[in-house]
Amino acid sequence: MAPGYPPKRAVVAWIFFDWATQPFFTLITTFVFAPYFAARLASDPVSGQSLWGYATGVAGLAIALTSPFLGAVADTTGPKKPWIVVFGLLLAVGSAALWWAAPGVPGAVALALVAFAVATIGAEFATVFNNSMMPHLVPPERIGRLSGAGWATGYVGGLISLALTLALFAASPDTGRTLAGLTPLFGLDPATFAGDRLVGPLTALWFIVFVIPMLLLTPDVKPSGIPLKVAMRAGFNALTETVRQAKSLGDIGRFLLANMIYQDGLVALFAFGGIYAAGVFGWGMIEIGVFGILLTLTGTIGAFIGGRLDDAIGGKRVILGALTILVLCCLGILSLGRDHILFVWPTGPMIPGAGLYAHLPEKVYVALGLAIGLVAGPLQASSRSLLVRLAPPGQAGQFFGLFALSGKVTSFLGPTLVATATYLFQSQAAGLAVLIGFFGLGGLLIAGVRAR
C-alpha cells in the first residue's frame, strides 16, 4: 500500500467493477444476444443489423450529450458511488427486460431495442464514474497496471459468463443440446431461444452481485459539501469553459479525437465480427460461441501484459502498436473467402460436417480474431490510463465524461459506414474495409500526442 492511498483490498474491490460489467458487453452486445436479435428476432439479418446499429447510436448520442456534464457535476460534489448505483440500476433493469424479447411476441423487437439502449446508457455512465476514481487508488506510476488489471479481470468475467451460457443454457434449436451436450437448465426451450434471452437476466444478476465489493470496500471521494444545485451550475460552467477552450486543450484534445475515431472502429469490429463469420463461413451459435471464448482468453492475456507494458514504455506506444496490429488483422480478414486465403490462394470448397474450424480460411479467421483479442484489451486499458496521465488534477470525472463523449459521440458512424459500404457493394468485405481507415487515422493522431 502506497502512503496516502487505500489498502490493497480496496483496489481489488474496485477492479471487480470491470468483472461485474463485462458480461453486458460479452453476452449482450457481442456474442449472444446481438446475433440472436439480428438472425432470429428481426425480420431479416440485414434489417436486424441496421436496427441494432440505430439503437447503439441513440444510446451513444444520449451518453455523448450528457456524460461530460454529469462528470463535471460529480467532480464538484465529490462522491462517485451514488452515480454508479443509479446507472447500475439502469444497466440491470434494461438487461433483465431482454428476457421478454421472444420470437413471435408482439412488440418484441421494440422492447429489445429500448431495453438494450437503456442498459447501454447505464453501463457506460457507471463506467465513467468508476473510471474517475482511479487517481485516488494508486500512485501515477501504477495507473497503467491498475487499468490493465481491471480490463483483464473484466475479460475473465466475460469469459466465465459466456462459457456458462454456452455450456448450460443456450442450446441449438436443431439438436436441443448445449455446447456441452446437455439439455438446457431450468427447462429452457431452444425453440424460443430461451437460452439466448436468458443472458439478459444473467447479466443483471451478475452485475448486482459482483459490484457489491466495490461499493462496500473501495473508499469514495470525500464530499465537497457543495449542494447539488450549486454543483450542477458549477459543473455546467466548468464544462462550458472546457469546451470553449477545446482548441487550447492541446495533447489531451488530440488524444480525445483519436480515441473517438479508433474506438468507433473497435466497436464496429466487435459488433460485426460474429455477423461477418456467419455470413462468409455460415457459422452458427456453437462456432461463434467457441470463437468468443478463445477471443476473450487472448483478450485477458493481452490486458495483463498490456498494463505492464504501459507502465514500462508508456500508453502511447502501446496504443500505436495495438492499432498497427488491428490494421494488419483487418487486411488479413479481407483476404479471406469461403474458398481462398490471401485474396487469390485457392483452398477448395468448404465440406459440410467436416468439424469445428476444419477449413483453412476458418482457421486463419480464428487466428486473426485471437490477435485482435490480444491487442483490444491493451488498447482500451492504455487509453484509460493515458487519459489519467493527461487530465489536469481534480478534473478526472469531467475528462472521463469527455472520454466517454469521444468514445460515443460518433459511435453510430462506424456501424453505419460498415452497413452502407456492405449495401452499396453487396459485400461484407467492403464493409470491413472501412475499419482500416478508422484505425489508421486514429494512429496518425495518437502519434502526435506528447505524453508523460
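Definitions and limits used
- Residues numbered from 1 in each chain as written.
- Predicted model: local features only at pLDDT ≥ 70, side-chain atom pairs only at ≥ 80, totals over all residues.
- Heavy atoms only, no water.
- Helix = DSSP H or I, 4+ residues; strand = E, 2+ residues; numbered from the N terminus.
- Buried < 20%, exposed > 50% of the residue type's maximum accessible area, 1.4 Å probe, protein only.
- Areas by Shrake-Rupley, 256 points an atom, 1.4 Å probe, with all protein chains shown as cover.
- Patch = residues over 30% accessible without salt bridge, like charges linked within 9 Å, V, L, I, M, F, W, Y side chains within 5 Å.
- Salt bridge = Lys/Arg side-chain N within 4 Å of Asp/Glu carboxyl O.
- Polar contact = N/O pair within 3.5 Å; in protein donor to acceptor, adjacent residues only side chain to side chain.
- Contact = heavy atoms within 4.5 Å.
- Axes fitted to C-alpha atoms, helices over the stretch in contact; angles between N-to-C directions.
- Parallel < 35°, antiparallel > 145°, perpendicular 65-115°, else oblique.
- Left-handed = near helix turned anticlockwise from the far one by under 90°.
- Nonpolar A, V, L, I, M, F, W, Y, C, P; charged D, E, K, R; others polar.
- Expected span 1.5 Å × (residues − 1).
- Arc of directions from axis to C-beta.
- Core = buried A, V, L, I, M, F, W, Y, C linked by side-chain atoms within 4.5 Å.
- Phe/Tyr/Trp six-rings, centres within 6.5 Å; stacked < 30°, edge-to-face > 60°.
- Lys NZ or Arg CZ within 6 Å of the ring centre and 35° of its normal.
- pLDDT = per-residue confidence, 0-100.

## Here's the deal with the overall build of the protein
Consideration 1: Tallying secondary structure elements over the protein gives 17 helices and 2 strands in all.
Consideration 2: Taking all 452 residues of the protein together, 56% fall into the buried category.
Consideration 3: Here the protein displays about 18,600 Å² of accessible surface, and carbon together with sulfur accounts for 71% of that area.

## Some points on a nonpolar patch on the surface
Consideration 1: A cluster of nonpolar residues, Ile301, Phe304, Ile305, Leu309, Ile313 and Leu374, forms a patch on the protein surface that exposes about 500 Å² of accessible area.
Consideration 2: With 5 residues, the top contributor of residues to the nonpolar patch is helix H12 (residues 285–313).
Consideration 3: Of note, Ile305 is situated in helix H12.
Consideration 4: Exposure remark for Ile305: the relative accessible area of 47% places this residue in the partly exposed category.

## So, unusual backbone geometry
Consideration 1: Backbone geometry places Phe186, a non-glycine residue, at a positive phi of 60°.
Consideration 2: Along the chain, Phe186 falls in the loop between helix H6 (143–169) and helix H7 (194–197).
Consideration 3: Of note in the backbone geometry, Phe193 takes a positive phi value of approximately 55° without being a glycine.
Consideration 4: As for its placement among the helices and strands, Phe193 is situated in the loop between H6 and H7.

## Some words on the side chain of Thr298
Consideration 1: Mapping Thr298 onto the fold places it in helix H12.
Consideration 2: One polar contact links the side chain of Thr298 to the main-chain carbonyl oxygen of Leu370, over a distance of 3.0 Å.
Consideration 3: If we ignore the near neighbours within four places in the chain, the residues touching Thr298 are Leu370, Gly373 and Leu374.

## Observations concerning the packing of helix H1 (residues 8–31) against helix H4 (residues 81–97)
Consideration 1: Running from amino to carboxyl end, H1 crosses H4 at an angle of 30°, the nearest separation of the two axes being 12 Å. On the basis of their axis angle, the class for H1 and H4 is roughly parallel. Crossing handedness for the pair H1 and H4: left-handed. Between H1 and H4, the residues in contact are Phe17, Thr21, Phe24 and Ile28 and Ile84, Leu91 and Ser95, respectively.
Consideration 2: Its residues assigned to classes, the contact of H1 with H4 shows 5 nonpolar, 2 polar and no charged.

## Focus: helix H8 (residues 199–210)
Consideration 1: Over its 12 residues, H8 extends 16 Å from the first C-alpha to the last, a length consistent with the 16 Å expected when each residue adds 1.5 Å.
Consideration 2: Those residues of H8 that sit buried are Val199, Gly200, Thr203, Ala204, Trp206 and Phe207. One side of H8 carries all its buried residues, which in axial view fall inside an arc of 165°.

## As for the packing of H1 against helix H5 (residues 108–131)
Packed helices, taken two at a time, are described by the angle between their axes plus the distance between the axes.
Consideration 1: Contact geometry of H1 with H5 gives a least axis separation of 11 Å together with a crossing angle of 155°. Considering the angle they form, H1 stands roughly antiparallel to H5. You can see that H1 and H5 cross each other, and the crossing is left-handed. Across the interface between the two elements, Trp14, Phe17, Phe24, Phe25, Ile28 and Thr29 of H1 pack against Phe116, Ala119, Thr120, Ala123, Glu124, Ala126, Thr127, Asn130 and Asn131 of H5.
Consideration 2: Its residues assigned to classes, the contact of H1 with H5 shows 9 nonpolar, 5 polar and 1 charged.

## Observations regarding the nonpolar core
Note that soluble globular proteins tend to have their nonpolar side chains buried in a common cluster.
Consideration 1: Within the largest apolar cluster, 115 residues are counted, with the highest numbers of intra-cluster contacts made by Phe33, Phe255 and Phe439.
Consideration 2: Apart from residues lying up to four places away in sequence, Phe439 is in contact with Tyr262, Gly265, Leu266, Leu269, Leu323, Leu326, Val327 and Cys330.

## Description of the environment of Gly265
Consideration 1: Along the polypeptide, Gly265 turns up in helix H11 (residues 251–281).
Consideration 2: Among the residues examined, Gly265 registers a relative accessible area of 0% and is labelled buried.
Consideration 3: Between the C-alpha atoms of Gly265 and Phe438, which are 173 residues apart in sequence, the distance is 5.4 Å.
Consideration 4: Leave out the neighbours within four places in its chain, and Gly265 touches Leu435, Phe438 and Phe439.

## Quick notes on the packing of aromatic side chains
Consideration 1: All chains considered together, the criterion is met by 14 aromatic pairs.
Consideration 2: Between Phe169 and Phe186 the ring centres are 6.0 Å apart and the planes differ by 15°, which places this aromatic pair in the stacked class. Separated by 17 residues along the polypeptide, Phe169 in helix H6 and Phe186 in the loop between H6 and H7 bring together distant segments of the chain.
Consideration 3: The class for Phe169 is buried, based on a relative accessible area of 11%.
Consideration 4: On the basis of relative accessibility, which here comes to 71%, the residue Phe186 falls in the exposed class.
Consideration 5: Grouping aromatic residues by their ring pairs yields a cluster made of Phe16, Trp19, Trp206 and Phe210.
Consideration 6: If you follow Arg197 out to its NZ or CZ, it ends over the ring of Trp99, 4.5 Å from the centre.

## With respect to the confidence of the model for the protein
Consideration 1: Residue-level pLDDT values for the protein average 79, and 77% of them are 70 or greater.
Consideration 2: Within the protein, helix H15 (residues 396–408) has the poorest average pLDDT of any element, 56, and H8 the best, 96.

## Side note on helix H13 (residues 315–334)
Consideration 1: Across its 20 residues, H13 extends 29 Å between first and last C-alpha, which sits within 8% of the 28 Å expected from 1.5 Å per residue.
Consideration 2: Among the residues of H13, those classed as buried are Gly315, Val318, Ile319, Ala322, Leu323, Leu326, Val327, Cys329, Cys330, Gly332, Ile333 and Leu334.

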